[in-house]
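# Overview (structure and organization)
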Amino acid sequence: MDLKRLYYFTMLSEKGNFTKAADQLNIAQSALSISIQKLEQQLGLKLINRTDRKMTLTQDGKVLLRHAYLILENVGQAEKELMELKGLESGIINFGVSAMLGSYYLPDVLAQFKQIYPGIQINVHEAGTATLEKMLINGQLDLALIRTDRCHDQIRYVTLTKQQIVACVPKSHPFAKLKKITLEKFCAQPLVLFREGYFLREAISAYCQQHKITPDVRFETNLIELLKSLVRKDIGISTCLPMILQDDDTLVSLPFNPAIPLHLGVGWKSNHYLSIASQALVQYLQKELR
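To keep things clear, this report deals only with the structure shown in the data block. Computed from a prediction, not measured in an experiment: that's the story for all the values here. (Residues numbered from 1 in each chain as written. Predicted model: local features only at pLDDT ≥ 70, side-chain atom pairs only at ≥ 80, totals over all residues. Heavy atoms only, no water.)

## A few points about the pairing of strand 6 (residues 155–170)
Along any regular strand the residues' side chains alternate between the sheet's two faces. The pairing of strand 6 with strand 10 (residues 251–269) spans 15 bridges and is classified as antiparallel. Residue C168 lies in a different strand from strand 10, and its bridge partner there is S253. One ladder, built from three bridges, connects strand 6 with strand 9 (residues 238–240); its direction is antiparallel. Counted as the bridge partner of A167 is T239 from strand 9. (Pairing = 2+ DSSP bridges. Helix = DSSP H or I, 4+ residues; strand = E, 2+ residues; numbered from the N terminus.)

## With respect to unusual backbone geometry
Omega for the bond connecting N257 with P258 falls within 30 degrees of zero, at 5°, which places this linkage in the cis form. Topologically, P258 is positioned in strand 10. At N26, a residue that is not glycine, the phi angle is positive and equals roughly 60°. Mapped onto the elements, N26 comes out in the loop between helix 2 (18–25) and helix 3 (29–43). Since its relative accessible area comes to 70%, N26 is described here as exposed. Positioned with a positive phi, D234 is a non-glycine residue whose angle comes to about 65°. When you line up the elements, D234 lands in the loop between helix 10 (224–232) and strand 9. Taking the relative accessible area as the measure of exposure, D234 reaches 49% and is therefore partly exposed. (Buried < 20%, exposed > 50% of the residue type's maximum accessible area, 1.4 Å probe, protein only.)

Given below as structure tokens:
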């Protein structure tokens, strides 16, 4: 089985569209179509349903996709181990982070790490916590900054920091004079929130679902500065981590009652070969961020 065709097939299944997948792969759409046709001919199976508007996987295609991820992951792990046996002083790390942590938590640390290990290339992938966990399990990431207060039988991790999620309100807001706030009061306000799948949204969504509340979400964004600007303009209040507001005297952080704890750490797939480069980054993050 041709590994390149298999990789093309996984990319097509993720994008759900020949044009988008071809753009991501930087190849012509016709080349992608021919590659998938040859894969189907080789296997003697129909893998995808082709329609004018949307591409979907057949049942045979879904079975192949599950195995394709495992095959490509195993090949990638073999290549990493063999490269390190040759004594290479370099490496590539696919590292997943959320937008907020990538902006506020990592720039200085990653810059310092690169100075110490200039031969190691770090490819940063931005996504929500839930997506990052799936990408780890699928072998698309080597490491990711994830929540560590929720155990996962396929992910190992080390906790780097323990914080609390807080409410973010402008100084002019009546809540700014409070010492703490309940989720009930928070969810009754106009809100500016991260999108679903991000840890700063999870507690709010869970509370509203549990109490059958439809929150008044005025704006959704994963851009930190835009979110803060919208809160300043009284579009709505939001959630954040205290470190985001440390140098901002126009916004107030307000702890929740009861508290919403958040444990953050670096995780990797349990049975995933952790390269020497990845091990070095884990050790460095433990040293610098704990």
